[in-house]
Amino acid sequence: MKHKKETLFGGARTTRRAILKAGAAAGALGAAGVASAHTASAAGSVTETGRSYDAIVIGGGFAGVSAARELKAKGKRTLILEARDRIGGRAWSSTFSGLPIEFGATWIHPSQTRVWNEVQRLGIATVDDPNPDFTVFATESGGYAKQDLAFLDQQDAILRKFVEGAETYMPNAYDPFSREDLLVDLDKLTLGDRARQLRLSTLETNWVSATTGAYGGGFERGSLTQLARWWALCGYNTETFHGINVTRPVGGMKTVVSKMLAESGVTVLYNTPVTKVTDTGSRVQVTAGGLVYDAAAVVVAVPVNTWNSINFSSGLPAEFSRLSTQSVGVPTAKKVFIQVQGDIGRPLVNGKSGALLDLVLTHADKSSQGTVLIAFSVSPNLDVTSVSQVQGAVSEVLPGTKVLSVKGQDWGKDPYAKGGWTFMRPGQLLGSLRVVRQPYGRLVFAGSDIATGWAGYVDGAIETGVRAGGLAAGLTVRS
Ligand SMILES: Cc1cc2nc3c(=O)[nH]c(=O)nc-3n(C[C@H](O)[C@H](O)[C@H](O)COP(=O)(O)OP(=O)(O)OC[C@H]3O[C@@H](n4cnc5c(N)ncnc54)[C@H](O)[C@@H]3O)c2cc1C
């Protein structure tokens, strides 16, 4: 176990060999087109008299772009209405300290076949993040201590206990309902319930907090079944569970989604938040930016947490509003890039339950001005834009480290996300997921939050987008 590394969505500790075997294609890069309000980005133009379409897609994240591409490929006149001045949604590429960074989605893995295949097909090269050379864990006395990387094995042993039995109750990674009979009680459990069921000590709970509790937005928020779904998708092994977060597309997620949009040829209207959707039975009217657009079918590809911000005036089953109120995206999810003074090595910090920082890892250790760290937090008590607050949090886990500057994103405060990565709460899998995946009248919902496969990842967004695009195309055909 020489080269280990960890990141939020599993913590990559896979060997470089495994990654290299999967192969990474070299290729060209692209850039996201950004247009001002009500201008068309990719192809075509929208005029005051041309607001009638076969299909409208609300939201230009990976799900929306995938749906629109599918619709266009089936010959449907399609328009994307996007609230922001960019596509990508919770995938947002930027720069910090002269380095490319991602505020949201970052890593991809061959087991995520949809996104991996897009990247290969589009000729986008990939690059691996640096491996850690030491780790930090909570101690019995309540503080933190530097540990050898071999210490990660202890964390893995507890993680395996957490999801013991998943091969039986979650036997099909892409069909979480295949043994619904066995999930009736399990889907009621939080991660905290599971820790108590296993009689984990406080120290053991702290050791797996960064790879379980933090994923769920806290031990008492996230459900055991969501963790088991990810475990199943990773082939029930720690190597893949950690390994899914090593490899990034060169040029960032912006390059991937931009190329997908460009090849679709679909028009995007930016700065156009949708406020109202009315299904009249024969058409759907979509209100955005004071104008009413109209289509035979609509794909709603916005985060679940934002569904309640749109007035679905023709009504939806109660599960939609309930799920949105409860939250599916982790409402306290934050990510911050931290430039620190000097060469501090390549840390992999596992924060304890309730800590200000859940996970800290190395983004770059050869930056011109020192080391750049990536940190994840689900604490409601950390302002990731404040150098002094981040300094306080860093000092707890890496004493003596001087923070020079920070750039962070609090996804819960983002009006068009209202949360970060997907992690369902108890009862949502069996209680709501199936219902919200069904087309309702002329509306079809999409998004990583409601994927049956890689929910919480770009791959899941593509999965639902392709599906929703196909379903919506069917709704545009006159009977
Ligand atoms: C911190 C963080 C780290 C992550 N890391 C990874 C990772 O390493 N790998 C990975 O695969 N995934 C990762 N994810 C998850 C990944 O980002 C998401 O699963 C994926 O991007 C979701 O895509 P989506 O299209 O379903 O939703 P979104 O990307 O949220 O897209 C929805 C779109 O709808 C738009 N919208 C919202 N409301 C309206 C409205 N009223 N009108 C019009 N448009 C609207 C939004 O602006 C947005 O563009 C991470 C997420 C976070 C937050």
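What counts and how
- Residues numbered from 1 in each chain as written.
- Predicted model: local features only at pLDDT ≥ 70, side-chain atom pairs only at ≥ 80, totals over all residues.
- Heavy atoms only, no water.
- Buried < 20%, exposed > 50% of the residue type's maximum accessible area, 1.4 Å probe, protein only.
- Helix = DSSP H or I, 4+ residues; strand = E, 2+ residues; numbered from the N terminus.
- Arc of directions from axis to C-beta.
- Contact = heavy atoms within 4.5 Å.
- Axes fitted to C-alpha atoms, helices over the stretch in contact; angles between N-to-C directions.
- Left-handed = near helix turned anticlockwise from the far one by under 90°.
- Nonpolar A, V, L, I, M, F, W, Y, C, P; charged D, E, K, R; others polar.
- Expected span 1.5 Å × (residues − 1).
- Parallel < 35°, antiparallel > 145°, perpendicular 65-115°, else oblique.
- Near = heavy atom within 4 Å.
- Polar contact = N/O pair within 3.5 Å; in protein donor to acceptor, adjacent residues only side chain to side chain.
- Areas by Shrake-Rupley, 256 points an atom, 1.4 Å probe, with all protein chains shown as cover.

## Describing helix α4 (residues 152-162)
Right, so step 1: Among all positions in α4, only Leu152, Gln155, Asp156, Ile158, Leu159 and Phe162 are buried. End-on view of α4: buried residues confined to an arc of 165°, all on one side of the axis.
Right, so step 2: Buried positions along α4 lie against β6 (134-138), α7 (191-197), α8 (202-209), α9 (224-233), α10 (238-243) and β15 (347-350).

## Describing the packing of helix α2 (residues 62-73) against helix α15 (residues 458-475)
Right, so step 1: In the contact formed by α2 and α15, the axes pass within 7 Å of each other and the chain directions differ by 35°. By crossing handedness, the relation of α2 to α15 is classed as right-handed. Here Phe62, Ala63, Ser66, Ala67, Glu70 and Leu71 of α2 come into contact with α15, specifically with Val458, Ala461, Ile462, Thr464, Gly465, Val466, Gly469, Gly470, Ala472 and Ala473.
Right, so step 2: For the contact of α2 with α15, a count of residues per class yields 10 nonpolar, five polar and one charged.

## Quick notes on α15
Right, so step 1: Its 18 residues place the ends of α15 26 Å apart at the C-alpha level, agreeing with the 26 Å of an ideal helix rising 1.5 Å per residue.
Right, so step 2: Where α15 is concerned, the buried positions are Val458, Asp459, Gly460, Ala461, Ile462, Glu463, Thr464, Gly465, Ala468, Gly469, Ala472 and Ala473.
Right, so step 3: Tucked into the core, α15 has its buried residues touching α2, α3 (113-121), α11 (252-264), β12 (291-300), α14 (428-437) and β19 (443-445).

## Notes on the packing of helix α12 (residues 318-326) against α14
Right, so step 1: Taken N-terminus to C-terminus, the directions of α12 and α14 make an angle of 125°; their axes are 9 Å apart at the nearest point. Taken together, the axes of α12 and α14 are oblique relative to one another. For the pair α12 and α14, the sense of crossing is left-handed. On α14, the residues that touch Glu319, Phe320, Leu323 and Gln326 of α12 are Gln428, Gly431, Ser432, Val435 and Val436.

## Focus on the environment of Val340
Right, so step 1: Within the secondary structure layout, Val340 lies in strand β14 (residues 334-340).
Right, so step 2: Given a relative accessible area of 0%, Val340 falls into the buried group.
Right, so step 3: Expressed as a C-alpha distance, the spacing of Val340 and Gln391, which sit 51 residues apart in the sequence, is 9.4 Å.

## Topic: the environment of Ala210
Right, so step 1: Secondary-structure assignment places Ala210 in the loop between α8 and α9.
Right, so step 2: For the pair Ala210 and Gly354, spaced 144 residues apart in the sequence, the C-alpha separation amounts to 9.9 Å.

## Some remarks on the site of the ligand
Right, so step 1: Around the ligand sit 38 residues in total, of which Glu82, Arg84, Arg90, Ser448 and Val458 are the nearest.
Right, so step 2: The backbone of Ala63 places a nitrogen or oxygen atom 2.9 Å from an oxygen atom of the ligand.
Right, so step 3: A distance of 3.2 Å is found between a nitrogen atom of the ligand and a backbone nitrogen or oxygen belonging to Ala83.
Right, so step 4: Here the ligand loses 99% of its free accessible area of 1,000 Å² to cover by the protein chains.
Right, so step 5: Of the residues in the shell around the ligand, the class split is 22 nonpolar, 12 polar and four charged.

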